[in-house]
Amino acid sequence: MSRGVVAGSQGAAAEPLGKLDWNFSQVFGERTPGEEVQDADIISAVEFDKTGEHLATGDRGGRVVLFERLHPSKATQEAMRARGGPPAPPVEYRYLTEFQSHEPEFDYLKSLEIEEKINTLRWCHQGANSAHFLISTNDKTIKLWKVFEKQMQCVSDFNLDAHAKANGVTGSSATSALGPATPGKSAGVMGGGGGGGRERR
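Residues numbered from 1 in each chain as written. Predicted model: local features only at pLDDT ≥ 70, side-chain atom pairs only at ≥ 80, totals over all residues. Heavy atoms only, no water.

Participant: Mind showing me how you'd approach the layout of surface pockets here?
Facilitator: Empty space among the atoms becomes visible once a probe the size of a water molecule is rolled across them. Of the voids in this model, the second largest pocket is the one considered here, and its volume is about 190 Å³. For the second largest pocket, the full set of lining residues is Glu47, Phe48, Asp49, Lys50, Thr51, Trp123, Cys124, His125, Gln126 and His132. Its residues placed into classes, the lining of the second largest pocket shows 3 nonpolar, 4 polar and 3 charged. (1 Å grid on protein atoms, 1.4 Å probe; cavity = no way out; pocket = protein on both sides within 12 Å on 5 of 7 lines; lining within 4 Å. Points joined across faces, edges and corners; volume = space filled by probe spheres on them. Nonpolar A, V, L, I, M, F, W, Y, C, P; charged D, E, K, R; others polar.)

Participant: I would appreciate a short explanation of the side chain of Glu47 in the present structure.
Facilitator: Locating Glu47 in the fold gives a position in strand E3 (residues 43-48). A distance of 3.0 Å separates the side chain of Glu47 from the side chain of Arg122, its partner in a polar contact. Those residues in contact with Glu47 that sit more than four places away from it in its chain are His54, Leu55, Ala56, Leu121, Arg122 and Trp123. (Helix = DSSP H or I, 4+ residues; strand = E, 2+ residues; numbered from the N terminus. Polar contact = N/O pair within 3.5 Å; in protein donor to acceptor, adjacent residues only side chain to side chain. Contact = heavy atoms within 4.5 Å.)

Participant: I'm lost on unusual backbone geometry in this one. Help?
Facilitator: Among all residues except glycine, the phi angle is most often negative; among peptide bonds, the trans geometry is most common. Even without glycine at this site, Ser111 takes up a positive phi of about 50°. Within the fold, Ser111 resides in the loop between strand E7 (105-107) and strand E8 (112-114).

Participant: Quick question: what am I supposed to make of the sheet that holds strand E5 (residues 63-70) here?
Facilitator: Spatially, the 4 strands line up as an open sheet ordered E3-E4-E5-E6, and their pairing is antiparallel. Edge positions in the open sheet fall to E3 and strand E6 (92-100), since each of these has one partner strand only. This sheet shows a mean twist of 20° between the axes of neighbouring strands, independent of strand direction. (Pairing = 2+ DSSP bridges. Axes fitted to C-alpha atoms, helices over the stretch in contact; angles between N-to-C directions.)

Participant: What's the story with the pairing of strand E9 (residues 120-123) in this structure? I'm lost.
Facilitator: Residues in a regular strand point their side chains to alternate faces of the sheet. Where burial is concerned, the two faces of E9 differ: the one with Leu121 and Trp123 is buried and the one with Thr120 and Arg122 is not. Bridging between E9 and strand E10 (residues 132-137) involves 4 bridges; their strand directions are antiparallel. Across the sheet, the residue bridging to Arg122 is Ile135, located in E10. (Buried < 20%, exposed > 50% of the residue type's maximum accessible area, 1.4 Å probe, protein only.)

Participant: Explain the environment of Ala40 here, please?
Facilitator: Relative to the helices and strands, Ala40 resides in the loop between strand E2 (20-28) and E3. In this structure, the C-alpha to C-alpha distance between Ala40 and Glu116, residues 76 residues apart in sequence, is 9.2 Å. Excluding anything up to four places from it in sequence, Ala40 contacts Asp59, Arg60, Gly61 and Arg63.

Participant: I would appreciate a short explanation of a nonpolar patch on the surface in the present structure.
Facilitator: Taken together, the side chains of Ile43, Val46 and Phe48 make up a nonpolar region of the molecular surface, amounting to roughly 230 Å² of accessible area. Position of Ile43 relative to the elements: it lies in strand E3. Given the relative accessible area of 31%, Ile43 is considered partly exposed. (Patch = residues over 30% accessible without salt bridge, like charges linked within 9 Å, V, L, I, M, F, W, Y side chains within 5 Å. Areas by Shrake-Rupley, 256 points an atom, 1.4 Å probe, with all protein chains shown as cover. Salt bridge = Lys/Arg side-chain N within 4 Å of Asp/Glu carboxyl O.)

What follows is the structure, encoded as structure tokens:
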């Protein structure tokens, strides 16, 4: 599945005010030559938050994919200026997380199938902490999602004695105690509708 990001900039002064010059900027995902785009992978909603730091896309398959803006280092900006590049670095985003927002449903009262396609995405006011809130809708259901970063502990090594390492014993076949854990970050998503929230990782 490939997803693209387009960026807009103000056109020349002779053009009417408000007209933007759109340029293709980034592609996310991979697609092999000859691969057909599936209907579920077609983007149906796009929304930037008010700061432009986060981008949410929704597709016809009911998935929401979140991206966050990358900020180049000062050294990178200075190198671009030295080469005669643009004064402002290009805006780029990186993949943050994705989750299944809506599933196909059937409305028994109206005898109607409700498709999972995301119709609208809206970023809500950010809370006091670093969590972000996002609303997603299909033809029937509105869901509120809480997106946040979470500290995780990951096992990085096993306490193997030198004899076990020399004999090629791997972590899966060793019976010794687990070693230290290393902290990391992961984006967590909580929310949904109809019976409480759920956490996705």
